[in-house]
Amino acid sequence: MLNIKEVHSGYGKLKILRGINLNVPQGGVVALLGGNGTGKSTLLKTISGLVPVMEGSIEFDGQIISGKKPHEIVRSGLVQVTQSKEAYPAMTVEENLMLGAFTRSDSGGVRADLEKVYEFFPVLRQRRKVLSGTLSGGEVQMLVIGRGLMAKPKMLMLDEPSAALAPKVVLEIFSNIYKISQTGVTILIVEQNVRMALLLAQYAYIIRDGVIMIEGSAEDLINDSSVKDSFLGGTVANTKKSLNS
Amino acid sequence: MDFDFGSLLAFIIFGVTIGVVYGIVALGISLIYSGLDIVHFAHGEIYMFGAFLGLVLSQQIGIPYPGAMIGAMVLAALLGMFIERVFYRRLTRSGGGYTVAGMGMIICGFGMSVALMNVAFLIWGADAEPFPVEFGIEPLEINDISIPPSYLLTAVVSLCLMGILNYFLRYTKIGLAVRAVAHNKDIAFLMGINVPLFISLIFGLACALAAAAGVLVGPMQSVQVEMGYLMLMKAFAAAVVGGFGSLPGALIGGILVGIFENLGAAYISASHKDIYAFLLLILVLMYRPAGLFGVVAKVKA
C-alpha cells in the first residue's frame with residue numbers, strides 16, 4: 001500500500017535520510033524502530049509531505065505522493081497521527097476530533113464516526129467539552145488517535161504512541177491500535193518501545209543514522225541477537241558480563 | 001471645570017464608541033499576528049484605504065451606506081490578500097514555514113505602509129474629504145449632551161462584527177480551521193487543511209475588519225491619506241493592552257484605550273489627546289507585559 005523507494009530527505013542542506021526503502025502491505029501493521037535522532041520522525045514528516053523529498057519516490061495506494069502538499073496527501077487517505085503533545089490544547093476534545101474530519105464533507109458520516117470514536121474511547125465522550133490541554137497524557141494520546149480516525153483513513157501513521165506514558169496506559173493504547181488494525185486500516189507505527197511494537201507488528205524496520213539497518217518479520221527480530229543486544233536490554237547484560245570478566 | 005456626572009458619562013460613552021473601533025482594528029492585527037506571526041505595520045493604511053473605498057462607493061457611485069461598507073470590506077480583503085500573496089509570502093516562505101524571525105518582515109510592513117499611503121495620495125490627493133452620511137436617526141440625548149447617530153451606529157455595528165467573527169471562529173468548520181492554522185501550521189497541514197490558502201483568508205479577514213473600521217470612522221471625522229498611522233498606533237496599543245491573540249482582549253483593550261484618551265482629553269489636556277493611549281500602553285507593559293487577557297508569550301518548539 002505504501003512503497004518508499006530510495007528516499008533521501010532532510011532540512012535545507014542537512015540531509016537526514018539517506019536512501020530509505022520501506023514497504024507497508026495493505027491491511028498490515030509495520031513498525032519503524034529506532035532511538036532518538038535516528039530519522040524516524042523525519043521519515044514520517046517526509047511521507048506526509050511536511051519535509052520535501054530530495055531524491056527517490058513515495059507511492060501510496062497506486063499513486064505517487066512524493067512532491068504533493070501535505071493536505072493533498074491527507075485527502076488521499078494517508079493520515080499521520082501526531083505525537084500526543086500535538087493536540088490543540090486551547091480547543092475542546094470535540095473540536096479537536098472535528099478538526100480531524102476537516103477534509104470530509106459527509107456530515108452524517110462524520111457524526112457517525114464521532115460516535116464510533118466515543119465508543120472506542122469512552123473517556124473522550126465524558127470529557128468532550130473540556131479543553132484538551134487539561135487531559136492526562138494517556139487521554140491526549142487517545143484523542144490524537146481518535147482525531148486520526150475521524151479522517152476515515154486508509155492508512156494511519158502513528159508517531160510514538162507510547163512516548164511518556166505509564167506502562168499500563170501503553171498496554172491499553174496498543175490494544176486499541178490492534179483493534180483499529182482489525183477494522184482494515186493499514187498501520188505504520190514509529191516507536192522507541194521496541195518490545196511493544198514488535199508484539200503488535202508483523203514486520204519491522206530498524207533505522208539508524210538515516211538508513212535502514214535491519215528489517216524482517218517481527219518474530220525474527222525478537223529472536224535476532226543483535227536486536228536483543230541493542231534494543232531489548234541486551235547491552236546492559238553484556239556490559240555487566242564484561243565488567244565481571 | 002466643575003465636576004458633572006452627566007458629562008463624565010458622556011465622555012465614557014464617546015470613549016467606548018471609538019474604543020470598539022480601535023477594538024476591531026486591533027482584532028485584525030491580533031489575527032494576523034497569530035496566523036502569520038508578524039505584526040502588520042501597514043494595517044493602518046488598509047484602514048485608510050477602506051475609508052476611501054467606502055467614500056468612493058457611497059458618494060461617487062451612490063451605493064447606500066451599508067452596501068458601501070460591505071463593498072469596502074470585500075475590496076480591502078482582496079487588496080490585503082494581494083499584498084500578502086505577492087509581497088509578504090516571499091518573505092515568510094524564506095523564513096521557513098510561513099513564520100518569520102527577524103526584522104525583515106517589520107521593515108517590509110513599514111515599507112508597505114509608506115507605499116500604500118503614497119498610492120492613496122496619487123489617487124485621492126492630500127486633502128481631507130468629508131464623508132457625510134444621513135442615518136435618519138435622532139441624536140441620543142443624555143443630560144444635555146447629545147451623542148450623534150454616527151457614534152451609536154459605530155458602536156452597534158462594531159459589536160455586531162465582533163459577534164459574527166466570534167461565532168465564525170467558534171462554531172463553524174472554517175473558523176475551527178482558522179484557529180488551527182493560527183495555533184500550529186504543521187498540525188493543521190496534517191489535518192488536511194490547505195494552510196497557505198487559510199493564511200490568505202486570515203489576512204483578508206483582518207483587512208476587511210480594518211476597512212469596516214475605516215468606513216465607520218469616516219462619517220465621524222473626515223477621510224484623509226494620513227489617517228492610518230494614528231489608528232495603527234491606537235489599535236496596536238489596544239491589542240497589547242488586551243493581550244495579543246486574545247479576541248475579547250482586543251475588544252476590552254480598545255474600549256480601555258478609548259475611555260482613557262477621552263477622559264484624559266476632557267480632564268487633563270485636550271491638545272495632548274493622543275498621548276494617553278500610549279501612557280496606558282506603557283503602564284500595562286510595566287505591570288502586566290502579557291496584556292490583560294494575554295497568555296505569557298507562547299513558546300514554540
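Residues numbered from 1 in each chain as written. Chains lettered and ligands numbered in written order. Predicted model: local features only at pLDDT ≥ 70, side-chain atom pairs only at ≥ 80, totals over all residues. Heavy atoms only, no water.

**Things to note about the overall build of chain A**
Right, so step 1: Within chain A one finds 11 helices and 10 strands.
Right, so step 2: For chain A, the C-alpha radius of gyration of 18 Å lies close to 18 Å, the compact-globule estimate for 245 residues.
Right, so step 3: Each of the three principal axes of chain A carries a C-alpha extent, and together these read 65 × 40 × 30 Å.
Right, so step 4: A total of about 11100 Å² of accessible surface is found on chain A, and carbon and sulfur atoms cover 53% of it.
Right, so step 5: Of the charged side chains in chain A, 27 are positive and 23 negative, and the gap between their average positions amounts to 4 Å. (Helix = DSSP H or I, 4+ residues; strand = E, 2+ residues; numbered from the N terminus. Rg over C-alpha atoms; globule rule 2.2 N^0.38 Å. Areas by Shrake-Rupley, 256 points an atom, 1.4 Å probe, with all protein chains shown as cover. Lys, Arg positive; Asp, Glu negative; His and termini not counted. Charge placed at Lys NZ, Arg CZ, Asp CG, Glu CD.)

**What about the layout of surface pockets?**
Right, so step 1: Looking at the second largest pocket, its volume works out to about 460 Å³.
Right, so step 2: For the second largest pocket, the lining is made up of 18 residues, of which E95, M98 and R111 of chain A together with Y171 and L176 of chain B are closest to its centre.
Right, so step 3: Among the elements of the structure, α3 (93-100) and α4 (107-120) of chain A together with α5 (149-171) and α6 (173-183) of chain B are those that each provide at least two residues to the lining of the second largest pocket.
Right, so step 4: Here the lining of the second largest pocket is built from residues that sort into five nonpolar, four polar and nine charged. (1 Å grid on protein atoms, 1.4 Å probe; cavity = no way out; pocket = protein on both sides within 12 Å on 5 of 7 lines; lining within 4 Å. Points joined across faces, edges and corners; volume = space filled by probe spheres on them. Nonpolar A, V, L, I, M, F, W, Y, C, P; charged D, E, K, R; others polar.)

**Regarding the sheet that holds strand β9 (residues 203-208) of chain A**
Residues and elements named next belong to chain A.
Right, so step 1: The mixed open sheet is built from six strands, whose spatial order is β6-β7-β8-β3-β9-β10. One side of each edge strand has no neighbouring strand; the edge strands of this open sheet are β6 (78-81) and β10 (211-217). Within this sheet the neighbouring strands show an average axis-to-axis angle of 15 degrees, counted without direction.
Right, so step 2: Bridge count for strand β3 (residues 29-33) against β9 is four bridges, and the pairing is parallel. (Pairing = 2+ DSSP bridges. Axes fitted to C-alpha atoms, helices over the stretch in contact; angles between N-to-C directions.)

**Observations concerning the packing of aromatic side chains**
All names here are of chain B.
Right, so step 1: Scanning the entire structure with this criterion turns up 13 aromatic pairs over all chains.
Right, so step 2: Relative to Y151, the ring of F14 lies with its centre 5.0 Å away and its plane at 80 degrees, an arrangement referred to as edge-to-face. Of the two residues, F14 is situated in helix α1 (residues 5-36) and Y151 in helix α5; the sequence distance between them amounts to 137 residues.
Right, so step 3: You can call F14 buried: its relative accessible area is 18%.
Right, so step 4: Ring centres of Y65 and F131 lie 6.1 Å apart, and the angle between their planes is 65 degrees; this geometry places the pair in the edge-to-face category. (Phe/Tyr/Trp six-rings, centres within 6.5 Å; stacked < 30°, edge-to-face > 60°. Buried < 20%, exposed > 50% of the residue type's maximum accessible area, 1.4 Å probe, protein only.)

**Digging into the side chain of T42 of chain A**
Right, so step 1: Its place among the elements puts T42 of chain A in helix α1 (residues 40-47).
Right, so step 2: With residues up to four places along the chain from it excluded, the contact list for T42 of chain A reads S9, Y11, I16 and L17 of chain A. (Contact = heavy atoms within 4.5 Å.)

**Remarks on empty space enclosed by the protein**
All names here are of chain A.
Right, so step 1: Summed over the entire model, instances satisfying the criterion amount to one cavity of 30 Å³ or more.
Right, so step 2: What the largest cavity holds in volume is close to 40 Å³.
Right, so step 3: Only β6 and α6 (137-149) provide two or more residues apiece to the lining of the largest cavity.

**So, the interface of chain B and chain A**
Right, so step 1: Listed as interface residues are 18 residues of chain B and, on the opposing side, 22 residues of chain A.
Right, so step 2: Where chain B abuts chain A, roughly 1900 Å² becomes buried across the two surfaces, and 72% of that area is made up of carbon and sulfur atoms.
Right, so step 3: Contact with chain A buries area across many residues of chain B, yet L176, L190 and M191 of chain B alone supply 35% of it, more than any other trio.
Right, so step 4: The shortest N-O distance in the salt bridge between R179 of chain B and E95 of chain A comes to 3.0 Å.
Right, so step 5: For the side of chain B that touches chain A, the class distribution of residues is 10 nonpolar, four polar and four charged. (Buried area = accessible area lost by both parts, 1.4 Å probe. Salt bridge = Lys/Arg side-chain N within 4 Å of Asp/Glu carboxyl O.)

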